[in-house]
Amino acid sequence: MEVKIEESWKEVLKEEFEKDYFVNLTSFVRQEYKGKTIYPKASNISNAFNLCPFDKIKVVILGQDPYHEPNQAHGLCFSVLDPTPAPPSLKNIFKEINLDLGITPLESGDLTRWASQGVLLLNATLTVEAHKAGSHQGKGWEEFTDRVIFNLANRKSGLVFLLWGSYAQKKGEFIDQTKHLVLKSVHPSPLSAHRGFFGNHHFSQANNYLIAQGQLPIDWK
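Here is a short report on the structure shown in this document. (Residues numbered from 1 in each chain as written. Predicted model: local features only at pLDDT ≥ 70, side-chain atom pairs only at ≥ 80, totals over all residues. Heavy atoms only, no water.)

**A word on the pattern of salt bridges**
- Per the stated rule, a full pass over the model turns up eight salt bridges.
- One salt bridge connects Lys14 with Glu11, and the closest N-O pair in it is separated by 2.8 Å. Note that Lys14 and Glu11 are positioned in helix H1 (residues 7–17) at a spacing of three residues, about one turn of the helix.
- For Glu11, a relative accessible area of 47% corresponds to the partly exposed category.
- The partner of Lys36 in a salt bridge is Glu129, and the shortest N-O contact between them spans 3.7 Å. Of the two residues, Lys36 is situated in the loop between helix H2 (20–35) and strand E1 (38–39) and Glu129 in strand E4 (residues 128–129); the sequence distance between them amounts to 93 residues. (Salt bridge = Lys/Arg side-chain N within 4 Å of Asp/Glu carboxyl O. Helix = DSSP H or I, 4+ residues; strand = E, 2+ residues; numbered from the N terminus. Buried < 20%, exposed > 50% of the residue type's maximum accessible area, 1.4 Å probe, protein only.)

**With respect to H1**
- The complete set of buried residues in H1 reads Ser8, Trp9, Val12, Leu13, Glu16 and Phe17. All buried residues of H1 fall inside an arc of 155° around its axis, so they share one side. Those residues of H1 that are exposed and aimed more than 90 degrees away from the buried face are Glu7 and Glu15.
- Contacts from the buried residues of H1 go to H2, helix H3 (47–50), strand E3 (119–123) and helix H6 (141–155). (Arc of directions from axis to C-beta. Contact = heavy atoms within 4.5 Å.)

**Notes on the packing of H1 against H6**
- One way to put it is that H1 packs onto H6 with a least axis distance of 11 Å and a crossing angle of 130°. With respect to each other, H1 and H6 are oriented oblique. In this structure, H1 crosses over H6, and the sense of that crossing is right-handed. Residues Trp9, Val12, Leu13, Glu16 and Phe17 of H1 touch H6, and the partners they reach there are Phe144, Arg147, Val148, Asn151, Leu152 and Arg155.
- Its residues assigned to classes, the contact of H1 with H6 comprises seven nonpolar, one polar and three charged. (Axes fitted to C-alpha atoms, helices over the stretch in contact; angles between N-to-C directions. Parallel < 35°, antiparallel > 145°, perpendicular 65-115°, else oblique. Left-handed = near helix turned anticlockwise from the far one by under 90°. Nonpolar A, V, L, I, M, F, W, Y, C, P; charged D, E, K, R; others polar.)

**Quick look at the sheet that holds strand E2 (residues 59–63)**
- Ordered by their spatial adjacency, four strands build an open sheet running E3-E2-E5-E6, and the pairing between neighbours is parallel. The open sheet has two edge strands, E3 and strand E6 (181–185), and neither has a second partner. When strand polarity is set aside, the average angle formed by the axes of neighbouring strands in this sheet is 20°.
- Strand direction decides the pairing type here: E2 and strand E5 (residues 160–164), joined by three bridges, are parallel. Looking at the pairing, Val60 lines up with Phe161 of E5. (Pairing = 2+ DSSP bridges.)

**Concerning the side chain of His136**
- By secondary structure assignment, the location of His136 is in the loop between E4 and H6.
- Using a relative accessible area of 1% as the deciding quantity, one classes His136 as buried.
- Engagement of the side chain of His136 in a polar contact is seen with the side chain of Glu32, the distance being 2.9 Å.
- Residues in contact with His136, not counting those within four places in the same chain, are Phe28, Glu32, Ile38, Thr125, Thr127, Val128, Glu129 and Trp141. (Polar contact = N/O pair within 3.5 Å; in protein donor to acceptor, adjacent residues only side chain to side chain.)

**Description of the pairing of E6**
- Judged by how many residues are buried, E6 sits mostly within the fold: four of five residues are covered.
- In the sheet, E5 pairs with E6 via five bridges, with the strands oriented parallel. What sits directly across from Trp164, in E6, is Ser185.

**So, the layout of surface pockets**
- The space that makes up the largest pocket amounts to roughly 530 Å³.
- In terms of lining residues, the largest pocket is bounded by 30 residues, among which Gln64, Asp65, Tyr67, Phe78 and His187 are the most central.
- Counting residues per element, the ones that place at least two in the lining of the largest pocket are E2, helix H4 (88–101) and helix H7 (166–171).
- Here the element with the most residues in the lining of the largest pocket is H7; it accounts for three residues.
- Residue composition of the lining of the largest pocket, by class: 16 nonpolar, 13 polar and one charged.
- Roughly 450 Å³ of volume is contained in the second largest pocket.
- Considering the residues around the second largest pocket, the lining is formed by 20 residues, among which Val3, Lys4, Ala42, Ile45 and Ser46 are closest to the centre.
- Of all the secondary-structure elements, those providing two or more residues to the lining of the second largest pocket are H2, H3 and H6.
- Of all the elements, H2 adds the most residues to the lining of the second largest pocket, at five residues.
- Residues belonging to the lining of the second largest pocket are distributed by class as follows: 13 nonpolar, four polar and three charged. (1 Å grid on protein atoms, 1.4 Å probe; cavity = no way out; pocket = protein on both sides within 12 Å on 5 of 7 lines; lining within 4 Å. Points joined across faces, edges and corners; volume = space filled by probe spheres on them.)

Structural measurements only, silent on function.
So, in structure tokens, the structure goes:
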């Protein structure tokens with residue numbers, strides 16, 4: 001089936017688009033958009049891929065579910081549209097960047113600036129009904145994003161995977177750590193950040209690894 005997604009990803013994922021689970025998923029999602037308020041808007045569902053072509057990826061950050069309130073989700077995990085203030089988890093991410101690198105990130109919660117440098121900001125589930133967290137879980141998105149991670153882990157080498165929280169760690173447990181740098185910690189949520197997210201130095205470790213691979217580091221500011 002025809003899927004609107006960046007060309008390099010279309011080539012990598014073309015077999016997924018023909019599978020029954022994906023056909024059923026797209027049918028479900030289309031129906032949801034017809035009768036309900038769904039986030040992100042349909043044109044932003046593939047934003048993570050469209051902003052970050054397969055061959056440009058350096059770092060992968062895994063999230064779980066899109067934000068489910070207005071003017072937040074736009075297809076990048078942890079990221080929100082301006083002028084929406086950064087949510088608590090993103091504020092803690094910015095705080096750790098400051099602790100780790102001694103730089104103060106921009107106040108804007110729109111992380112397009114990271115995606116354009118090769119940071120894939122991937123949620124496990126790419127859509128959600130307004131005000132209903134997790135409402136599109138178990139519909140096929142998780143299988144699709146598992147295949148995304150599988151293709152990245154197996155077709156490429158020298159990537160950095162940032163796995164924050166048990167959900168992300170479980171989703172990335174098959175990644176070959178001899179081919180990639182896999183960094184794990186608790187989630188940046190206010191409920192857990194003080195139990196190991198602060199002080200994890202993931203941003204400096206990611207950049208040091210990229211430099212060692214002969215690549216430009218990410219400007220996390």
